[in-house]
Amino acid sequence: MEATVEELKALGHPVRWRILRLCLDRAMTNKELSVELDLAPATTLRHVRALVKANFLVAEPVSTGEHGALQRPYRGTARTWGMTILPDDTGLAQQVDLAVLGAHRAELIAAGKDSGRGAKRGTLRLRPESAESLHRRIRELIAEYTDEPDGEPLSYLWSLAARPQPDPTPRDNGTAPD
């Protein structure tokens, strides 16, 4: 499923990706989310409403919380799984990519200094068909694994980013030629 402009706008903030992760395992109220994310409840509610509007979160029935206050929990719909985000001229796709990176970074920080389970970074030069093959193989590898209820909750990030092309013209370093 290819993401719409409205969906890209809804996914363009790191806090929204964090909310989606938090609400995937269990429904959470706005108050619980604001405490977990260390944000003002009004700020959290703005993000929650954007995700509900785009159908990335669904509201569950209202319940009674502490001291008889009414509360509405929200649960993630997992609609982002398998969603295709194509490069665009508006910059929204890049905004979503940066939001995903920001959310992943925030999760690493929130989990503490011992949270890392391995990271690799490198560079490759691939033709388009090879890059697509690599994407396909990564998707297939991830699909081989299913959630294990007693397993450690982990977050993964797969990112392939184009590097800027090197400038072929020599730079003037201020010295005279030999």
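Because the structure is predicted, anything quoted here is derived from the model rather than measured.

The rules behind each value
- Residues numbered from 1 in each chain as written.
- Predicted model: local features only at pLDDT ≥ 70, side-chain atom pairs only at ≥ 80, totals over all residues.
- Heavy atoms only, no water.
- Helix = DSSP H or I, 4+ residues; strand = E, 2+ residues; numbered from the N terminus.
- Buried < 20%, exposed > 50% of the residue type's maximum accessible area, 1.4 Å probe, protein only.
- Contact = heavy atoms within 4.5 Å.
- Areas by Shrake-Rupley, 256 points an atom, 1.4 Å probe, with all protein chains shown as cover.
- Lys, Arg positive; Asp, Glu negative; His and termini not counted.
- Charge placed at Lys NZ, Arg CZ, Asp CG, Glu CD.
- Pairing = 2+ DSSP bridges.
- Axes fitted to C-alpha atoms, helices over the stretch in contact; angles between N-to-C directions.
- 1 Å grid on protein atoms, 1.4 Å probe; cavity = no way out; pocket = protein on both sides within 12 Å on 5 of 7 lines; lining within 4 Å.
- Points joined across faces, edges and corners; volume = space filled by probe spheres on them.
- Nonpolar A, V, L, I, M, F, W, Y, C, P; charged D, E, K, R; others polar.
- Patch = residues over 30% accessible without salt bridge, like charges linked within 9 Å, V, L, I, M, F, W, Y side chains within 5 Å.
- Salt bridge = Lys/Arg side-chain N within 4 Å of Asp/Glu carboxyl O.
- Parallel < 35°, antiparallel > 145°, perpendicular 65-115°, else oblique.
- Expected span 1.5 Å × (residues − 1).
- Arc of directions from axis to C-beta.

> Could you clarify how one ought to interpret the overall build of the protein chain in this entry?
A count of helices and strands for the protein chain gives six helices and five strands. Listed by position from the N terminus, the elements making up the protein chain come as α-α-β-α-α-β-β-β-β-α-α. Among the 178 residues that make up the protein chain, the fraction classed as buried is 24%. The long-range fraction of contacts in the protein chain, counting pairs at least 24 apart against all pairs at least 6 apart in sequence, stands at 60%. Split by element, the accessible area of the protein chain, about 13,700 Å² in all, is 53% carbon and sulfur. For the protein chain, the centre of its 24 positive side-chain charges and the centre of its 25 negative side-chain charges are spaced 3 Å apart.

> Is there a simple way to think about the sheet that holds strand β1 (residues 28-29) in this case?
The strands making up a sheet associate through backbone hydrogen bonding, with each pair oriented either parallel or antiparallel. Taken in spatial order, the three strands line up as β1-β5-β2 in an open sheet, and their pairing is antiparallel. This sheet does not close on itself; its edge strands, each paired only once, are β1 and β2 (57-59). With respect to the sheet, helix α2 (residues 14-25) is in contact with β1, β2 and β5 (73-76), its orientation differing from that of β5 by roughly 95°.

> I keep staring at the layout of surface pockets and nothing clicks. Help me out?
Leftover empty space is mapped by rolling, across the atoms, a probe with the size of a water molecule. Estimates place the volume of the second largest pocket at around 150 Å³. In terms of lining residues, the second largest pocket is bounded by T29, K31, E32, G65, E66, A69, L70 and Q71. If you list the elements that add at least two residues to the lining of the second largest pocket, you get α3 (30-37) and β4 (70-71). When grouped by side-chain class, the residues that make up the lining of the second largest pocket number two nonpolar, three polar and three charged.

> Help me understand a negative patch on the surface in this model?
On the surface, a cluster of negative charge is made up of D25, D147, E148 and D150. You can see D25 is positioned in helix α2.

> I'm lost on the pairing of β5 in this one. Help?
Every regular strand shows the same layout, with side chains that alternate between the two sheet faces. Pairing analysis gives two bridges linking β1 to β5, with the strands arranged antiparallel. Note on β5: the bridge partner recorded for T29 is P73. Pairing of β2 with β5, which is carried by three bridges, proceeds in the antiparallel orientation. Across the sheet, V58 pairs through a bridge with R75, a residue of β5.

> I tried to follow the packing of α2 against helix α4 (residues 41-53) on my own but got confused; where do I start?
For any two helices packed against each other, the geometry is given by the interaxial angle and the distance between the axes. Look at α2 against α4: their axes get within 10 Å of each other, and the N-to-C directions meet at 75°. Looking at the two axes, α2 sits roughly perpendicular to α4. Where α2 abuts α4, its residues V15, R16, I19 and L20 lie against T44, R46, H47, V48, A50 and L51. When grouped by side-chain class, the residues that make up the contact of α2 with α4 number six nonpolar, two polar and two charged.

> Can you help me understand a nonpolar patch on the surface in this one?
Together, L98, L101 and L157 make up a nonpolar patch on the protein surface, roughly 250 Å² of accessible area in all. With respect to the helices and strands, L157 occurs in the segment after α6 (128-143).

> Even after reading the chapter, I still don't get helix α5 (residues 92-111), so can you show me in this structure?
In an α-helix, one turn spans 3.6 residues, which is why side chains three or four residues apart end up on the same side. Over its 20 residues, α5 extends 28 Å from the first C-alpha to the last, a length consistent with the 28 Å expected when each residue adds 1.5 Å. When α5 is considered as a whole, its buried residues turn out to be L92, A93, V96, A99, A103, H104 and E107. Projected onto a plane normal to the axis of α5, the buried residues spread over an arc of 135° and lie on a single side. Across from the buried face of α5, at angles greater than 90 degrees, the exposed residues are Q94, L98, R105 and I109. Buried residues in α5 make contact with α1 (5-10) and α2. Directly after α5, the chain includes G112, whose backbone phi takes a positive value near 100°.

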